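What follows is the residue order along each chain.
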Amino acid sequence: MTVTAAIGPKTDPAVHTVVFIKTLRDSRRALLGWTAGITVATLAYASFYPQMSANGAAQADNLPEGLRDALNMDDIATAAGYLGSTVFGMIVPLLAMFFGSAVGARVSAADEESGTLDLLMAHPITRTSFITQRFAALIAAAIGVGAMVLLAVLAIRGSAQLTTISPGHFVAQCVHLILLIACFGALATAIGAVTGHRGTVFALTAVIGVAAWAAHTFADQIGVGWAAYLSPFHYYIDSEPLRNGISVGGVGVLAAASMVMFTAGNYWFNHRDLG
């Protein structure tokens, strides 16, 4: 009787969302801070476009040709070219990478490292449900970031002379941004599920993220163009969502990679002794 009572609550439907809600509530300050930071950075750099449209081409001509090609700065005088090469091509995705890493590290590794994970797992919930709800909270946070960035660029679209980019293309760019965050969040989740150490999560995710960005940016310049296809940044920005809308292929690859990494992390989380 005692064993049955202990196991039964593991499937109690009442616990299927409590971790998700509590994660968002407990992390609200950090999530709001990250969201505000990414949004402000987007606004600050996007608002420079009127100056760049007048002087950007001349400034870009002063850069080495290889660097211009790597940073896609040949078309910097246009709104889509400027935002695609600087704001959404470099600044925002790098912030998104670190945001996904920070939130992903909290899915399981932070609690395991601090010694509080055993207290959480003592509640009537399976490991799979726990990590899935935590990852769902990460996805919700990514959607929040994407929505705020979208509202921000639409708010300055007229004043910053960005009207050559349609609202629909801004939506497409933000959808790609959400999936980029999810991809790095899934990577951090998987590393945390395997190692249980937040510092290891940050270190490995940062190394992989920077290497992926470098592969995407400089692969052609160093003669290994194929390496760009291994980078999530390629599927995030190379289809030029600000000009062409959502890339089904790019979105599909990012979503599939996220699910594969999360599934692998969930497997290891369920099949090892937790600290």
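The text that follows walks through the structure, step by step, so that each part is easy to find. Everything numeric here is computed off the predicted structure, so don't read it as measured data. (Residues numbered from 1 in each chain as written. Predicted model: local features only at pLDDT ≥ 70, side-chain atom pairs only at ≥ 80, totals over all residues. Heavy atoms only, no water.)

1. Examining the layout of surface pockets
The volume enclosed by the largest pocket comes to roughly 530 Å³. Contributing to the lining of the largest pocket are 27 residues, with K22, T23, D26, D111 and R134 lying nearest its centre. Secondary structure elements with two or more residues in the lining of the largest pocket: α2 (18-26), α3 (28-46), α6 (79-105), α7 (109-114) and α9 (127-155). Top contributing element to the lining of the largest pocket by residue count: α2, with six residues. When grouped by side-chain class, the residues that make up the lining of the largest pocket number 18 nonpolar, three polar and six charged. (1 Å grid on protein atoms, 1.4 Å probe; cavity = no way out; pocket = protein on both sides within 12 Å on 5 of 7 lines; lining within 4 Å. Points joined across faces, edges and corners; volume = space filled by probe spheres on them. Helix = DSSP H or I, 4+ residues; strand = E, 2+ residues; numbered from the N terminus. Nonpolar A, V, L, I, M, F, W, Y, C, P; charged D, E, K, R; others polar.)

2. Here we look at the packing of helix α10 (residues 167-195) against helix α11 (residues 198-218)
The contact between α10 and α11 brings their axes to 9 Å, and the two run at 140°. With respect to each other, α10 and α11 are oriented oblique. Here the hand of the crossing between α10 and α11 comes out right-handed. Contacts between α10 and α11 involve F184, L187, A188, I191, G192 and T195 from the first element and T200, V201, L204, T205, I208 and G209 from the second. Split by residue class, the contact of α10 with α11 holds seven nonpolar, five polar and no charged. (Axes fitted to C-alpha atoms, helices over the stretch in contact; angles between N-to-C directions. Parallel < 35°, antiparallel > 145°, perpendicular 65-115°, else oblique. Left-handed = near helix turned anticlockwise from the far one by under 90°. Contact = heavy atoms within 4.5 Å.)

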